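# Coordinate analysis (summary)
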Amino acid sequence: GQRPRAIAVGAAILAAAIPLLVTFTSNTSDLTGKTIVAFDEGYLDWEKPVFDSYGEYSAGVCGMLPTFVASLGGQLVRSPELAEQDLAAADVLLLIHPVKPWPEDRSARVWRFVRSGGSLLVVGAPRVNEGGFESAFDEVLAPSRLRIRFDTAISRTGHWEHSKQVMAHPATTGVGDRRNRYGMVTGSSIEAPWPARPMLVGRFGWSDP
């Protein structure tokens, strides 16, 4: 009859419209009222670019991150010890390639924050063990069962264009794989047992054992 046919046509139109709505979404990044607490230590530096200074390491690594967060309406606070009072004010805790030593009491504070509803973003890989730095993300992530593998993942294309699958997630809405919107070059693969799920999946690439 007419009703089943109308339902089928409506479902087909909806199926065709959803990708367009996702692709052309007008959502913008907004951190208004949000506080990001970043651990002050790690395999990083907080240097800012200096005028008339050139070279690969002259621009620093994370020095402009507070300015970027502020441009989106948020606030980034650097914490030297991840004390309880610092975590209490945080919406997101940012750990940029943590290195040893990583004390048990600090880990306990971090995971109390997560289990109480806080968000944790760990930036890691590739693994380092040089100049007094040794990657400690295994210790940080141990309670989650996530593991950053000791490998190097390399795309078949220069910057993973057309070589990754973008999974359904609010952070990936409207972002495809035609350009290197995620800033990926080389890194490590991640072991993510259930119930964890990835946001990006490498489709065409290689990784050493």
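Criteria and thresholds
- Residues numbered from 1 in each chain as written.
- Predicted model: local features only at pLDDT ≥ 70, side-chain atom pairs only at ≥ 80, totals over all residues.
- Heavy atoms only, no water.
- Pairing = 2+ DSSP bridges.
- Helix = DSSP H or I, 4+ residues; strand = E, 2+ residues; numbered from the N terminus.
- Buried < 20%, exposed > 50% of the residue type's maximum accessible area, 1.4 Å probe, protein only.
- Contact = heavy atoms within 4.5 Å.
- Salt bridge = Lys/Arg side-chain N within 4 Å of Asp/Glu carboxyl O.
- Axes fitted to C-alpha atoms, helices over the stretch in contact; angles between N-to-C directions.
- Core = buried A, V, L, I, M, F, W, Y, C linked by side-chain atoms within 4.5 Å.
- Lys, Arg positive; Asp, Glu negative; His and termini not counted.
- Polar contact = N/O pair within 3.5 Å; in protein donor to acceptor, adjacent residues only side chain to side chain.

## Focus: the sheet that holds strand 13 (residues 205-207)
The antiparallel open sheet is built from three strands, whose spatial order is 10-8-13. Edge positions in the sheet fall to strand 10 (186-187) and strand 13, since each of these pairs with one other strand and no more. Where strand 8 (residues 153-155) meets strand 10, two bridges bridge the pair, whose relative direction is antiparallel. By the bridge assignment, Ile154 is partnered in strand 10 with Thr186.

## A few points about the side chain of Thr172
Here Thr172 lies in the loop between strand 9 (164-166) and strand 10. According to the relative accessible area criterion, Thr172 is buried, its value standing at 5%. Not counting chain neighbours up to four residues away, the residues in contact with Thr172 comprise Val166, Met167, Tyr182 and Met199.

## Here we look at the environment of Ala192
Relative to the assigned elements, Ala192 resides in the loop between strand 11 (190-191) and strand 12 (200-202). For Ala192, a relative accessible area of 31% corresponds to the partly exposed category. Remark: the alpha-carbon pair of Ala192 and Ile148, spanning 44 residues in sequence, is separated by 8.8 Å.

## Let's talk about the pattern of salt bridges
Scanning all chains against the criterion turns up eight salt bridges. In this structure, Glu81 engages Arg106 in a salt bridge whose closest nitrogen and oxygen atoms are separated by 3.9 Å. Here Arg106 lies in helix 4 (residues 104-115) and Glu81 lies in the loop between strand 2 (75-79) and helix 3 (84-88), a separation of 25 residues in the sequence. Of the residues examined, Glu81 reaches a relative accessible area of 44% and is grouped as partly exposed.

## Re the sheet that holds strand 4 (residues 119-123)
Overall, parallel pairing links the four strands, which are arranged 2-1-3-4 in an open sheet. The outermost strands of the open sheet, each flanked by one partner alone, are strand 2 and strand 4. On average, each strand axis in the sheet is inclined to that of its neighbour by 25°, with strand direction left out of account. Relative to strand 2, strand 1 (residues 35-39) is paired through five bridges, and the arrangement is parallel.

## A short note on the nonpolar core
If you look at the biggest cluster of nonpolar residues, it comprises 13 residues, and the most contacted ones within it are Leu82, Leu93, Leu95, Trp102 and Val110. Among the elements of the structure, strand 1, strand 3 (92-96) and helix 4 are those that each provide at least two residues to this core. Here the element with the most residues in this core is helix 4; it accounts for three residues. Leu95 has contacts with Phe39, Leu82, Trp102, Leu120, Leu121, Val122, Val123 and Val140, leaving out every residue within four places of it along the chain. By size, the runner-up hydrophobic cluster in this structure holds nine residues, among which are Ile36, Trp46, Val69 and Leu94.

## Re the side chain of Asp151
With respect to the helices and strands, the residue Asp151 is situated in the loop between strand 7 (147-148) and strand 8. As a buried residue without a salt bridge, Asp151 has its nearest oppositely charged side chain in Arg149, at a separation of 5.2 Å. In this structure the side chain of Asp151 is engaged in a polar contact, spanning 2.5 Å, whose partner is the side chain of Ser189. Sequence-distant contacts of Asp151, that is, excluding residues within four places in its chain, are made with Gly187, Ser188, Ser189, Ser207 and Asp208.

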